[in-house]
Amino acid sequence: MTDIIAGVEIPGTSAVAEATEFLRERTNPLIFHHSRRVFLFGSLHAHVRDLRPDPELLYISAMFHDAGLVIPFSETQQRFELDGADHAQNFLLERGFSQSSAEVVWRAIALHTTPGIPGRMDPEVAATNYGVLTDAIGWELDELERDRTDEIIAAHPRGDFKREFLQIFVDGLKDRPDTTYGTVNADVLEHFVPGYRRTSMVERILDAPWPR
């Protein structure tokens, strides 16, 4: 049976089914529901803007975009966005997807928290970012039909999203604070972690080993 939510069809491919199961088993309900909402909101925004992302690649991007918060990709500390992007890229290549498709998904996830740039890139990259922004901060929520957003929330409840989502960020980043330099992720640590102080670009330039 075709799964349709708010007029958006969930692709019925084996990769989509496996990605869904991966998230169910390896993350937690909040990340799972958030990721599905990102796909649905991103799809609606793509339609409004006449973008045509590949639904399967957009779904994989959405499902893996926050995986790095709870499943570090390697022992080498890196931004959580890169962990999620690396997970998704490996997932696709192991299932026979082309390198170019895997790279599109990698970009969508790696850039999903980067302001201003995703909207100028591939439709999948833009739509992933739009979905993230809508679910996280309510970006352009009023341009979406209310009955559709209500249907999405009914299918994938938010629960105590604001508090629990921020806590997941804290838990996922507090042991690798240096990876948040220059990103919105530093906002979370600065707000919630006592004693944390972000390093600014000004300090890095002034402290550089040059005489002037």
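The model shown is predicted, which means the values in this text are computed figures rather than measured ones.

What am I meant to see in the side chain of Arg36 here?
Assignment of secondary structure puts Arg36 in helix α2 (residues 29–48). Among all residues touching Arg36, those that are not within four sequence positions of it are Asp3, Ile5, Ile10, Thr20, Tyr59, Met63 and His156.

Looking at this structure, how should I read the packing of aromatic side chains?
The tally for this structure, following the rule as stated, stands at 7 aromatic pairs. Here the aromatic rings of Phe39 and Tyr59 are separated by 5.1 Å at their centres, their planes lie at 75 degrees, and the arrangement is edge-to-face. A residue pair is termed long-range when its members are at least 10 positions apart, and Phe39 in helix α2 and Tyr59 in helix α3 (residues 55–64) qualify at 20 residues. In this structure Tyr59 comes out as buried when scored by relative accessible area, which is 0%. Ring geometry for Tyr130 versus Trp139: centroids 5.0 Å apart, planes at 15 degrees, classification stacked. In this structure Tyr130 comes out as buried when scored by relative accessible area, which is 12%. Accessibility expressed as a relative area gives 24% for Trp139, which makes it partly exposed. What links up through ring pairs into an aromatic cluster is the set Phe80, Phe161, Phe165 and Phe169. Above the ring of Phe91, the side-chain terminus of Arg95 is found at 3.8 Å from the ring centroid.

Reading the values: rules and limits
Residues numbered from 1 in each chain as written. Predicted model: local features only at pLDDT ≥ 70, side-chain atom pairs only at ≥ 80, totals over all residues. Heavy atoms only, no water. Helix = DSSP H or I, 4+ residues; strand = E, 2+ residues; numbered from the N terminus. Contact = heavy atoms within 4.5 Å. Phe/Tyr/Trp six-rings, centres within 6.5 Å; stacked < 30°, edge-to-face > 60°. Buried < 20%, exposed > 50% of the residue type's maximum accessible area, 1.4 Å probe, protein only. Lys NZ or Arg CZ within 6 Å of the ring centre and 35° of its normal.

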